[in-house]
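Coordinate analysis (summary)
So you can see what is in the structure, the chains are spelled out below.
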Amino acid sequence: MLIPMSEPYLKVKKLTHAYGRAALFSAVTFDLAPGFILQVTGKNGSGKTTLLQLLSGIKIPQDGSIHLREDITCAYVGHKNAVKAELSPLENLALYQPDAKSCAQALEALGLEKSHHRRPCYRLSAGQQRKVALSRLILSDAKVWLLDEPFTALDDTAKAHVIKQLESHAQNGGSAIVATHERLDLGKTILKEMVMS
Amino acid sequence: MTVQRYFFFCLKLLFRQRREVALPLFFFLMVSSLFPLTFPAKYLSMIAPSALWITALLSILLSLNNLFREDVEDGFLEQLLVSPAPLGLLVAVKLLAHWIAYVLPLFVALPLLGLWYNMPAETLSVLALSLLLGTPSLLALGALAAALSAGLKQGGTLLMLITLPLAIPLLLFGLSMVDMAVSGLSYAAAQDFLFAMAVVSVSIGPTVVAASLRISME
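In this report, the structure presented in the accompanying data block is examined.

Quick notes on the rules
Residue positions within a chain follow its written sequence, with the count starting from 1. Key to labels: chains lettered from A, ligands numbered from 1, both in the order written. Local features in this predicted model are restricted to residues of pLDDT 70 or higher, and side-chain atom pairs are both shown and tallied only at a pLDDT of 80 or more, whereas totals for entire chains, interfaces and linings draw on every residue. Nonpolar core, as used here: buried Ala, Val, Leu, Ile, Met, Phe, Trp, Tyr and Cys residues forming one set through C-beta atoms within 7 Å. Any residue surrounded by 20 or more other C-beta atoms within 10 Å of its C-beta is treated as buried, while 12 or fewer makes it exposed and the intermediate range makes it partly exposed; C-beta atoms here are placed from the backbone. By the criteria applied, helices consist of DSSP H or I runs no shorter than four residues and strands consist of E runs no shorter than two, each listed in order from the N terminus. Following DSSP output, two strands are said to pair if at least two bridges run between them. What counts as an axis is a line fitted to C-alpha atoms, over the stretch in contact for a helix, and the angles between N-to-C directions run from 0 to 180 degrees. These descriptions rest on fixed angle ranges, namely under 35 degrees for roughly parallel, over 145 for roughly antiparallel, 65 to 115 for roughly perpendicular, and the rest for oblique. The sense of a crossing depends on the near helix, which, turned anticlockwise from the far helix by less than a right angle, makes the crossing left-handed and, turned clockwise, makes it right-handed. Side-chain classes follow a simple rule in which Ala, Val, Leu, Ile, Met, Phe, Trp, Tyr, Cys and Pro form the nonpolar group, Asp, Glu, Lys and Arg form the charged group, and the remainder, Gly included, forms the polar group. Once C-beta atoms are placed from the backbone, any two residues with those atoms within 7 Å are in contact.

Turning next to the nonpolar core. The biggest cluster of nonpolar side chains holds 115 residues, and the ones touching the most others in it are Val144, Leu146 and Ile177 of chain A together with Ile60, Ala143 and Ala146 of chain B. With 14 residues, the single largest contributor to this core is helix H7 (residues 121-148) of chain B.

Written out as structure tokens, the structure is:
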């Protein structure tokens, strides 16, 4: 079956989630088209993390539907880094990409110097560990990136690196959903916003 | 993330955590050493199978305490859940790596303890066989409890409370194998039971553990 290039990567319809009897959000509906970055904002506890966990498949939807285009995959970076402290950045990334050169390039693209690539991650700062986590996205061939508070612990230079990667991903036909309170310095043609309330 | 890469990743991680990995082995050696110090020598070979089976059981349970907790805390479990590789297979290779790192060294220590306990070589070999057949099921049961208690603060205690009663049949059949061998009788029935349990645990255990992990994330 041929899928039109403009077909949305992700179609979310009437997505509803509750913890116990307390509804977190209800009837969330949106499409994510190729080449767009969707910024999700909203006050603490409004369900941004849960939404991303539902979209990534970590949690199962209670009601509503999530349709991911058949020919694409998602990559997810949660607010926890999923980095093993005893292993070096290169060893952590080897799980996702066996080619060490590609891993090193991904780390450098996010501003992690070569001298840190072989150190155990427990010797890296929180910001440097965050860069290791985010470099998983660059290594993946996923068309949809799901990022939960990606800028946590990052300095301004590192934030600029991440935004540059997002921009480049969108220009290459990828899409992303970014839950963050930070202002995303992206062109209005690719940036869409959604407020969780 | 592929299943094969994840297996080697687990082994490398366990090697880096070798100080923590060595603790259950030291526990096994220390507690096993207490019996020869406190029991009269003439009774040692009689209590040896029970002492070594129970100590091995507790040592394995001790090792399971951290099986999934660290993955929950550092967010790694989320990456396993979003991986295109089947979660059941990822759990299976994690358990295999865990068995290699934590259980295999117990077998290396067994001949030394057998000497200390004055165990005949034949009895020791049957004890080793019973442990070899019993530990996969024990690991699967413990992994299930570890998955259910992964996000809980007192998870370690809960793990013991859930697993110990379920492990009693394994313990009894394991010891029955050794008793039969000592009495010169056929231990085939107990061996077959442990083997069947191991086959069931290895074939469906990882899938059940994977389902429990998904539930614990809800």
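The discussion continues.
Residues and elements named next belong to chain A. Ordered in space as E2-E1-E4, the three strands form an open sheet in which the pairing is antiparallel. Looking at strand neighbours, the two that pair on one side only are strand E2 (22-32) and strand E4 (63-68), the edges of this open sheet. Going from strand to strand, the sheet's axes swing by 20° on average, the running direction of each strand aside. In this structure, strand E1 (residues 10-19) lies alongside E4, joined through five bridges in antiparallel fashion.

Residue and element names in this part refer to chain A. Looking at the element boundaries, Thr189 is found in the loop between strand E7 (175-179) and strand E8 (191-196). Residue classification places Thr189 among the exposed positions, given that 8 C-beta atoms sit within 10 Å. Taking the C-alpha atoms as reference points, Thr189 and Phe36, separated by 153 residues in sequence, lie 8.1 Å from one another.

Right, let's get into the packing of H7 of chain B against helix H9 (residues 188-217) of chain B. Residues and elements named next belong to chain B. The interhelical angle for the contact between H7 and H9, taken along N-to-C directions, is 15°, at an axis separation of 8 Å. As the angle between them shows, H7 and H9 are arranged roughly parallel. By crossing handedness, the relation of H7 to H9 is classed as left-handed. Partitioning the contact of H7 with H9 into residue classes produces 15 nonpolar, eight polar and no charged.

This part takes up the sheet that holds strand E6 (residues 144-148) of chain A. All names here are of chain A. Pairing within the open sheet is parallel, and its five strands lie in the order E5-E6-E7-E3-E8. Looking at the sheet topology across the chains shown, the edges are occupied by strand E5 (74-77) and E8. For this sheet the average axis-to-axis angle between neighbouring strands, irrespective of direction, equals 15°. Running over the sheet, helix H5 (residues 156-171) touches strand E3 (37-42), E6 and E7 and is turned about 145° from E7.

With that settled, consider the pairing of E3 of chain A. All names here are of chain A. In this structure, E3 lies alongside E7, joined through four bridges in parallel fashion. Considered in E7, the bridge of Val40 is made with Ala179. Two elements, E3 and E8, share six bridges in a ladder whose sense is parallel. Within the sheet, the bridge partner assigned to Val40 lies in E8 and is Met194.

Residue and element names in this part refer to chain A. Looking at where Tyr9 falls in the secondary structure, it is placed in the segment before E1. Taking the C-alpha atoms as reference, Tyr9 lies 14 Å from Asp141; in sequence the two are 132 residues apart. Setting aside chain neighbours within four positions, we find Tyr9 in contact with Leu32, Pro34, Leu68, Arg69, Ile72, Lys143, Val144 and Ser175.

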